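In case you want the letters, here they are:
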Amino acid sequence: MQADLSPVIAATAQWLTRSFPASGGALASALCEAQARQAVTVAAWLRYPTETDAALLGLAGPGGSARLDWVTGADAAPGDDGDDAHAWRTWVDEVVASWAACLLGDPELAGRAVAALAEGSRGTGTSAEFRRLLTPDDGDRRAAALLRHPDLLAPVARLHHSRLLDRLHPGRTPVA
């Protein structure tokens, strides 16, 4: 199952780390990427919880990064570096990126999402597996200062925040 989602997870994590880059050197970049990948993995597993969901994603495709690029002001002209340089962007999933941004900006929500994975059909999602997402240390926080900044993440997180809450709390009654 993870292999079916791996292109989406890799591309969406790459989009997040390019849009909210690490501050520092190679170690900071690796720490930032690990946090992005963990958040995207949780988001993808919540978004596509069954093999059928993953198969449908494979048929329909994830949609790409165009709207995310527009929302963050990072519009990339496809012809600038050659179309092949931007091909990975077609595997970015907007909903997964938005949900990952929600998780990165809200530790409590991240904890609820990992708990939902443990209860769901995956039967996975232990706290240890997602330690950098759930309990980042000072080095993790410094490396991913932009990636975890709620104000910077807000435009992306707002896109599908309510859908994430619905997924984590099905049947809840909205409060007006």
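Residues numbered from 1 in each chain as written. Predicted model: local features only at pLDDT ≥ 70, side-chain atom pairs only at ≥ 80, totals over all residues. Heavy atoms only, no water.

### Comments concerning the confidence of the model for the protein chain
Phase 1 of the analysis: On average, residues of the protein chain score 89 in pLDDT, and 86% of them are at 70 or above.
Phase 2 of the analysis: Here helix α1 (residues 2–19) stands out as the least confident element of the protein chain, with mean pLDDT 90; helix α5 (residues 94–105) is the most confident, with 98. (pLDDT = per-residue confidence, 0-100. Helix = DSSP H or I, 4+ residues; strand = E, 2+ residues; numbered from the N terminus.)

### Quick look at the nonpolar core
Phase 1 of the analysis: Among the nonpolar cores identified, the biggest contains 49 residues, and Leu-16, Val-42, Leu-46 and Leu-133 are the most heavily contacted of them.
Phase 2 of the analysis: Every element with two or more residues in this core is listed here: α1, α2 (26–47), α3 (51–60), α5, α6 (107–119), α7 (131–134) and α9 (150–168).
Phase 3 of the analysis: Ignoring any residue separated from it by four or fewer positions in sequence, one finds Leu-16 in contact with Ala-36, Val-40, Ala-97, Ala-100, Leu-104 and Leu-147. (Core = buried A, V, L, I, M, F, W, Y, C linked by side-chain atoms within 4.5 Å. Buried < 20%, exposed > 50% of the residue type's maximum accessible area, 1.4 Å probe, protein only. Contact = heavy atoms within 4.5 Å.)

### Description of the packing of aromatic side chains
Phase 1 of the analysis: One pass over the structure, following the stated rule, counts two aromatic pairs.
Phase 2 of the analysis: Ring plane angle 80° and centroid distance 6.4 Å describe the contact between Trp-15 and Phe-20, whose orientation is recorded as edge-to-face. Each member of the pair, Trp-15 together with Phe-20, is buried.
Phase 3 of the analysis: Geometrically, the ring pair formed by Trp-45 and Phe-130 is edge-to-face, given 6.0 Å between the ring centres and 80° between the ring planes. Separated by 85 residues along the polypeptide, Trp-45 in helix α2 and Phe-130 in the loop between α6 and α7 bring together distant segments of the chain.
Phase 4 of the analysis: On the basis of relative accessible area, Phe-130 is assigned to the buried category, the value being 2%. (Phe/Tyr/Trp six-rings, centres within 6.5 Å; stacked < 30°, edge-to-face > 60°.)

### A look at α9
Phase 1 of the analysis: Compared with the 27 Å implied by 1.5 Å per residue over 19 residues, the 20 Å span of α9 between its first and last C-alpha is markedly short.
Phase 2 of the analysis: The largest bend in α9 amounts to roughly 60° and is located at Ala-157.
Phase 3 of the analysis: The set of residues buried in α9 consists of Leu-153, Ala-154, Val-156, Ala-157, His-160, Leu-164, Leu-165 and Leu-168. (Expected span 1.5 Å × (residues − 1). Bend = angle between axes of the 7 residues up to and from the residue.)

### Regarding the pattern of salt bridges
Phase 1 of the analysis: All chains considered together, the criterion is met by seven salt bridges.
Phase 2 of the analysis: With its nearest N and O atoms 3.7 Å apart, the salt bridge here joins Asp-140 to Arg-131.
Phase 3 of the analysis: For Asp-140, a relative accessible area of 0% puts it in the buried group.
Phase 4 of the analysis: In this structure Arg-131 comes out as partly exposed when scored by relative accessible area, which is 31%.
Phase 5 of the analysis: With its nearest N and O atoms 2.7 Å apart, the salt bridge here joins Asp-140 to Arg-132. (Salt bridge = Lys/Arg side-chain N within 4 Å of Asp/Glu carboxyl O.)

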